[in-house]
Amino acid sequence: MRAAGCVFAEDEAALLLAAARTPDELAAMVARRAAGHPLEHVVGWAEFAGLRVAVDPGVFVPRRRTEFLVERATALARRYRRPLVVDLCCGTGALGAALVTALGGAADLYAADIDPAAVRCARRNVAPLGGRVHEGDLFAALPPGLRGRVDVLLANVPYVPTAEVPFLPAEARVHEAPAALDGGPDGLDVLRRVAAGAGGWLAPGGSLLFETSEAQAPEAARIAQAEGELAARVATCEDRYATVVIATRPAPTDRPAYAADRPRPRR
């Protein structure tokens, strides 16, 4: 594995030894890893925000830097007694699962993705938390009854510009779904669609959170404000090279918009 270019070969070997049930299975796993398959696809899971998240072949692997987004979302969600959370472009469902876990299960979780493989994988991760996963294109996948009721909207939108996709590491470029990586000519095409629809789905005071690059952040925040009529700000974590835009729908100032005070949507 070291000869194949695995920088942390010893650590990865230990994980493969722990995951394999037979010598033949171990040999097959080592061969896949040496051939360039993501370690998470080989062992079938990724560590994210303290959770072991199931990751199926071909599905986007949750990045550790995205834990910063979940931390920001958790801080916002704690304002509610039982927030309604949506994980859009959910992939494995790691973001929604991590947020609900951080809240001790006190949340209603819905997730959606356009990729059938991601939907199948996400169901394995969010079903034990009482979450529902829907297949479809962005908001079109969600139950209509959620409109205007979402307190925290996580959207792990792709933001790599199309021209830069060929320069991504092979683990991502070859083994993850292109739709999870390619954000269009400037990397912000999917974000524009999410921002345009977010205002109609968020509850008053609800927030949309999405990850972007540091260079894209000013334009991404402007899009959230212009397209969604949301108040946007940028948060960064230098240690994890993470940049997150938090865009909030204005709320009346006379009282908090607690989720428990509103009728709960039918599932």
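Description of the structure in this document. Predicted, not measured: the structure shown is a model, and the values here were computed from it.

Cut-offs and rules
Residues numbered from 1 in each chain as written. Predicted model: local features only at pLDDT ≥ 70, side-chain atom pairs only at ≥ 80, totals over all residues. Heavy atoms only, no water. Axes fitted to C-alpha atoms, helices over the stretch in contact; angles between N-to-C directions. Helix = DSSP H or I, 4+ residues; strand = E, 2+ residues; numbered from the N terminus. Left-handed = near helix turned anticlockwise from the far one by under 90°. Contact = heavy atoms within 4.5 Å. Nonpolar A, V, L, I, M, F, W, Y, C, P; charged D, E, K, R; others polar. Core = buried A, V, L, I, M, F, W, Y, C linked by side-chain atoms within 4.5 Å. Buried < 20%, exposed > 50% of the residue type's maximum accessible area, 1.4 Å probe, protein only. Pairing = 2+ DSSP bridges. Arc of directions from axis to C-beta. Salt bridge = Lys/Arg side-chain N within 4 Å of Asp/Glu carboxyl O.

**Considerations on the packing of helix α1 (residues 9-19) against helix α2 (residues 23-34)**
Two numbers describe how α1 lies on α2: the axes approach to 9 Å, and their chain directions differ by 145°. The way α1 lies across α2 gives a crossing that is right-handed. On α2, the residues touching E12, L16, L17 and A19 of α1 are E25, L26, M29, V30 and R33. For the contact of α1 with α2, the per-class residue count stands at six nonpolar, no polar and three charged.

**Re the nonpolar core**
If you look at the biggest cluster of nonpolar residues, it comprises 33 residues, and the most contacted ones within it are L88, F139, L153, V194, L208 and F210. Secondary structure elements with two or more residues in this core: β3 (84-88), β4 (108-113), β6 (150-155), α8 (189-201), β7 (202-212), α9 (217-228) and β9 (242-248). The element that contributes the greatest number of residues to this core is α8, accounting for six residues. Apart from the residues lying within four places of it in its own chain, the contact partners of F139 are L88, L153, R193, V194, G197, A198 and W201. Core analysis: the second largest hydrophobic core is formed by 32 residues, F68, A77, V100 and I246 among them.

**A word on the pairing of β6**
In regular strands, side chains alternate between the two faces of the sheet. For β6, the buried fraction is high: six of the six residues fall into the buried class. Inspection of the sheet shows β3 paired to β6 by four bridges, in the parallel sense. Paired with V85 across the strands is V152, a residue of β6. The pairing of β6 with β7 spans four bridges and is classified as parallel. Note on β7: the bridge partner recorded for V152 is S207.

**Focus on α1**
Buried residues of α1: A9, E12 and L16, and no others. Seen from one end, α1 has its buried residues packed into an arc of 65°, which puts them on one side. Exposed residues pointing more than 90 degrees away from the buried face of α1 are listed as D11, L17 and A18. In this fold, the buried residues of α1 make contact with α2 and α3 (39-43).

**Concerning the pattern of salt bridges**
The full count for this structure, using the stated rule, is 15 salt bridges. Among the salt bridges present, the one from R33 reaches E12, with a minimum N-O distance of 2.7 Å. Of this pair, R33 sits in helix α2 while E12 sits in helix α1, placing them 21 residues apart in sequence. With relative accessibility at 8%, the residue R33 sits in the buried group. Across the pair E25 and R21 runs a salt bridge, and its minimum N-O distance is 3.0 Å.

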